[in-house]
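# Analysis of the macromolecular model
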Amino acid sequence: MKRIVTLAAAAIVFAGASASAQTVKVGLFAEPSAMDPHYHNLGPNNAFSSNVYEALILQDENQKLMPGLAVSWKPINDTTWEFKLRQGVKFHDGSEFNADDVIFTYERAPNVPNSPSSFGTYLKGKSFKKIDDFTVHAITEKPYPLMPVDLSQIVIISNEVGKDVTTSQFNSGEAAIGTGQYKFVEWKPGDTILIERNDNYWGGKPAFEKVEVKPIKSNPSRVAALLAGDVDFIDNVPTADIERLKGDSNIVLSSGISNRVIYLHMDRFRDDSPYITGTNGKNPLNDLRVRKAISKAINREAIVARVMEGVAIPAGQLLPPGFFGTSDKVKPEPYDPEGAKKLLAEAGYPNGFGMTIHGPNDRYINDAKIAQAIGQMLTRVGIDMKVETMPKSVFFSSASSGGPDKTPKYSFILVGWGSGTGEASSALKSLIHTKDSAAGFGASNRGRYSNPEVDKLIEQALATVDDAKREMLLAQATEIAMNDLGIIPLHYQVNTWATRKAAGLKYLPRTDERTQIGSLVKE
Amino acid sequence: MWAYLTRRLAQAIAVVFVMAVIVFFGVNVIGNPVDILINPEFTEAEYQEAIRALGLHLPLHEQFFVFLGNALEGDLGISFVWGEPALQLIAQRLPATLELAGAAMFLSIVLGVPLGMYAGSKPHSWVSKSIVSSSILGFSLPTFWVGIMMIMVFAVMLGILPSTGRGDTVLVFGIEWSFLTWNGLTHLAMPAVNLALTNIALVIRLSRAGTREVMLQDYIKFARAKGLSQRRITLVHVLKNTLIPVVTVLGLELGSLIAFSVVTETVFAWPGMGKLIIESIQVLDRPVVVAYLMLTVLLFVSINFLVDVIYSLLDPRVRVSGAR
């Protein structure tokens, strides 16, 4: 709410200053794959649809929830949440927003044809009931605390577009009607997306008259376009260019920590792990002392300083401290190669063993270089390392199910996790909980780590509606899993955006890594 | 004659079919698109649902028959990423690529031929020597590096050309062209030069060699003896005879200009086919990759078939031996 007030204030202050039509040009790393907000549940699409559409609940730059199309929400009993909707909101086509649009949206969103990643995730097991035009009830079978977070992920479309609306109709603009700050104008795939100010926006006048978004995937070209003044604002500033841009008086950088942790996952379900040699068929990663030794052998400060050029933060848990459900008690493991060697000797590997680290080379910031650094650091304490990196298109399939019987193929992998919900339950549920396909747990638990004590805490937390209690349970689960080294966290990614000083813009860095025009403000 | 053509047609169809098999199965061996396209916070059930939505739950050979059945009706599948027909996506981006390749081809000719002929007619002057030695750079410098350097110099430092993207377009015959507007031309300039560099160098060398050879021919001597002006000799007699190998080679090069525009399109964020195909490969958008390759196969097979037809019309021996 506060952000909207400041935005509105900024808009009023600058309304006089920029009387002429101002077009803000944006150079984007990743282009959305459709203008249909329910077609593809992935970062670039969700970021863009938030310009044109809104959910009942919005997330601010730090992923704190704030009122959107709902003015308030609360659980009225163990299994029912009540949402009071905002009155007097109009869609871009002038039609009135009310509960029918909400019900319509939640029926359509999980059932978009050909969707490669469905929004059903957030709607499964929930039913919705219209109480009156501006009250909606969401009902679940069991107590469900994540209701507001889940519904903050689904933007509302107008029921006027009809039941059989297709993704193509959104792409052409015919059905691209939302309540958001900007109206959709035109999309030329691969070339430009045009949006313009929604003058009737309920939260005050949006900052820019017109916004032209250009996808420029190539890193040096995107930076060059900014330097040349062809665009006013870019995202995903490559770490290698940050030093140079800092010295340029025309450029303003803004960077912020993300909800993404880069971590190592270890094979915990095979006695004879395929990429480990010299252990007579034993899996050393099942020994806590070996995991501890690996964690101690990694110099996180050095990775941050050298590989990441200072643009990252050493990690000790699943989400940066301060996020919901993190623990104050777990800290990043300090670098201690002597201690690591000692632990390895104690565990019965005084001469180490052989191991291969696998990782992607086009997914996370500097991913291949991080894998190489880890390889060198572990070699230094006596583990004979090999490093293998590959394109994400090959890596993730193998890492999840490339082995016999669709088991994970590798022994020791470098991966990353962004907690879209902004609370630790996201990572705990998917990475740490024992894999249980039926209950939807551990889908990305590629090491098959399993700890009944942690599982119990996670399940308990996910059934606790009381925020304070749930936060405590999540923190407890985090502590146990981290002390047991279910994964080895390396660092939290820091994202950087850059604007041109002449354009008078500043980006408020978002922890969800999204590039949204709503977070771009005039200085 | 008809027997020959029928046989060639059958061969062409067989080639297309074999290529369809190779392309389809080859593309389907690598990775699993769902792993790339799905939101990381998926559950197992959603994963299975996404696999079904993309039609990947069927055994590979059944997927192939579905693909084949649709392909016969002119439908090469729906893109996993964009959710639109693959052919439509390619067709949308085709004009941008053709425009870029055409501009590069134009530059290769108008810059390459005069420079090469000059270097050929005055082989010992220092200008000629520097033309020839700088053409080596055109061959040897990597396209992406030259592209970035051009952006740095002309867009960032001098600020006279836009760095990336395609400029304003105008609609002619239902297709958007950017070379008809000034803004579009400024956007086209750097990518076109970048893409043309190798070919300019090639044309310089070809026309230089051709000129040197033609200059020594008897008919040139005869023309001189007849008292024709040097200007007329060069622009008519030498030029015509030099152009023969240049045209042959450039014809072949046009195909590779369209195919190798990938690098240039990526560096300059040019919204063409090359950029689409490379991005589709990166995220395993199989229908788009398959459609692109099948179109290429179809193009080459039909060109070859037409050439065979023309051969048989021109050369009776082909018809006769074919009938037997």
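Not measured: the values here are computed from a predicted model.

About the thresholds
Residues numbered from 1 in each chain as written. Chains lettered and ligands numbered in written order. Predicted model: local features only at pLDDT ≥ 70, side-chain atom pairs only at ≥ 80, totals over all residues. Heavy atoms only, no water. 1 Å grid on protein atoms, 1.4 Å probe; cavity = no way out; pocket = protein on both sides within 12 Å on 5 of 7 lines; lining within 4 Å. Points joined across faces, edges and corners; volume = space filled by probe spheres on them. Helix = DSSP H or I, 4+ residues; strand = E, 2+ residues; numbered from the N terminus. Pairing = 2+ DSSP bridges. Buried < 20%, exposed > 50% of the residue type's maximum accessible area, 1.4 Å probe, protein only. Core = buried A, V, L, I, M, F, W, Y, C linked by side-chain atoms within 4.5 Å. Contact = heavy atoms within 4.5 Å. pLDDT = per-residue confidence, 0-100. Axes fitted to C-alpha atoms, helices over the stretch in contact; angles between N-to-C directions. Buried area = accessible area lost by both parts, 1.4 Å probe. Salt bridge = Lys/Arg side-chain N within 4 Å of Asp/Glu carboxyl O. Polar contact = N/O pair within 3.5 Å; in protein donor to acceptor, adjacent residues only side chain to side chain. Nonpolar A, V, L, I, M, F, W, Y, C, P; charged D, E, K, R; others polar. Parallel < 35°, antiparallel > 145°, perpendicular 65-115°, else oblique. Left-handed = near helix turned anticlockwise from the far one by under 90°.

### Considering the layout of surface pockets
- Size it by volume and the second largest pocket reaches roughly 910 Å³.
- Lining the second largest pocket are 29 residues, with Lys124, Tyr144, Lys429, Ala439 and Phe441 of chain A positioned closest to its centre.
- Those elements that place two or more of their residues in the lining of the second largest pocket are α13 (425–432) of chain A together with α3 (44–53) of chain B.
- In terms of residue count, α13 of chain A provides more of the lining of the second largest pocket than any other element does, four residues in total.

### Regarding the pairing of strand β1 (residues 23–28) of chain A
All names here are of chain A.
- Bridge count between β1 and strand β10 (residues 210–215): six bridges; the pairing is parallel. Bridging from a neighbouring strand, Gly27 pairs with Lys214 of β10.
- Pairing of β1 with strand β11 (residues 233–234) involves two bridges; the strand directions are parallel. Opposite Val26, over in β11, you have Phe233 as the bridge partner.

### Considerations on the pairing of strand β18 (residues 487–500) of chain A
Residues and elements named next belong to chain A.
- The buried fraction of β18 is high, at 14 of 14 residues.
- Pairing of β11 with β18, which is carried by two bridges, proceeds in the antiparallel orientation. Looking at β18, one finds that Phe233 is bridged to Thr499.
- Bridge analysis of strand β12 (residues 251–266) against β18 gives twelve bridges, and the strand direction is antiparallel. Within β18, the residue paired with Ser255 across the bridge is Thr496.

### Some words on the nonpolar core
- Within the largest apolar cluster, 97 residues are counted, with the highest numbers of intra-cluster contacts made by Leu56, Phe83, Leu85, Phe97 and Phe208 of chain A.
- Top element by residues in this core is helix α13 (residues 286–314) of chain B. It accounts for eight residues.
- Those residues in contact with Phe83 of chain A that lie beyond four places of it in its chain are Leu56, Ile57, Ala70, Ser72, Trp73, Phe134, Thr135, Val136, Ala138, Met147 and Leu151 of chain A.
- Counting residues in hydrophobic clusters, the runner-up holds 74 residues, among them Leu146, Ile276, Leu285 and Leu344 of chain A.

### Quick look at the confidence of the model for chain A
- On average, residues of chain A score 90 in pLDDT, and 96% of them reach the 70 mark or higher.
- Here residues 1–20 of chain A is a poorly scored stretch, pLDDT under 50, and it has 18 contacts once near neighbours within four places are set aside; other chains count.

### Remarks on the sheet that holds strand β6 (residues 126–132) of chain A
All names here are of chain A.
- Ordered by their spatial adjacency, four strands build an open sheet running β4-β5-β7-β6, and the pairing between neighbours is antiparallel. Every interior strand has two partners, whereas the edge strands, β4 (70–77) and β6, have only one. Sheet twist, expressed as the average angle between the axes of neighbouring strands with direction ignored, equals 25°.
- Across five bridges, strand β5 (residues 80–85) lies against strand β7 (residues 135–140) in antiparallel orientation. By the bridge assignment, Trp81 is partnered in β7 with Ala138.
- Packing against the sheet, helix α3 (residues 99–108) makes contact with β5, β6 and β7, and its axis sits at approximately 165° to β6.

### Let's talk about the interface of chain A and chain B
- Contacts between the two partners involve 53 residues from chain A and, on the opposite side, 47 residues from chain B.
- Both sides of the chain A and chain B interface together cover about 3,900 Å² of buried area, and 53% of this is carbon and sulfur.
- It is Asn114, Pro116 and Ser393 of chain A that lose the most area in chain A upon contact with chain B, and together they represent 13% of the buried surface on that side.
- Across the pair Glu46 of chain B and Lys124 of chain A runs a salt bridge whose closest N-O atoms are separated by 3.1 Å.
- Our count for the contact surface shared by chain A and chain B stands at 15 residue pairs in polar contact (both at pLDDT 80 or more).
- Of all the elements in the fold, those that place two or more residues in the side of chain A that touches chain B are α5 (167–171), β8 (182–188), β10, α6 (219–227), α12 (392–401) and β17 (412–418) of chain A.
- Here the element with the most residues in the side of chain A that touches chain B is α12 of chain A; it accounts for six residues.
- The residue makeup of the side of chain A that touches chain B, split by class, is 19 nonpolar, 24 polar and ten charged.

### Quick notes on the pattern of salt bridges
- In the structure shown here, the tally under the stated rule is 26 salt bridges over all chains.
- A salt bridge links Asp512 of chain A to Arg510 of chain A; its shortest N-O distance comes to 3.0 Å.
- For Asp512 of chain A, a relative accessible area of 13% puts it in the buried group.
- Take Arg510 of chain A: its relative accessible area is 2%, and that puts it in the buried class.
- A salt bridge links Glu99 of chain B to Arg166 of chain B; the shortest N-O distance between them is 3.1 Å. Residue Glu99 of chain B is found in helix α5 (residues 86–121), and its partner Arg166 of chain B is found in the loop between α7 (143–157) and β1 (170–172); the two are separated by 67 residues along the sequence.
- By relative accessible area, Glu99 of chain B is classed as buried at 5%.
- The class for Arg166 of chain B is buried, based on a relative accessible area of 9%.

### Some details on the packing of α13 of chain A against helix α15 (residues 467–483) of chain A
Residues and elements named next belong to chain A.
- At a closest axis distance of 10 Å, the pairing of α13 and α15 adopts a crossing angle of 45°. What the angle tells us is that α13 and α15 run oblique. The interaxial crossing formed by α13 with α15 has left-handed handedness. Of the residues in α15, those in contact with Ser425, Leu428 and Ile432 of α13 are Leu474, Ala477, Thr478, Ala481 and Met482.
- Looking at the contact of α13 with α15, its residues break down into six nonpolar, two polar and no charged.

### A look at empty space enclosed by the protein
All names here are of chain A.
- Applying the stated rule across the entire model yields eight cavities of 30 Å³ or more.
- There is about 350 Å³ of room inside the largest cavity.
- Top contributing element to the lining of the largest cavity by residue count: helix α2 (residues 43–52), with four residues.
- Residue classes in the lining of the largest cavity are distributed as ten nonpolar, ten polar and five charged.
- The calculated volume of the second largest cavity comes to roughly 70 Å³.
- If you go around the second largest cavity, the residues you meet are Pro32, Ala34, Met35, Asp36, Pro37, Asn45, Phe48, Ser49, Val52, Tyr53, Ala176 and Phe184.
- The greatest single-element share of the lining of the second largest cavity, amounting to four residues, is contributed by α2.
- For the lining of the second largest cavity, the class distribution of residues is nine nonpolar, two polar and one charged.

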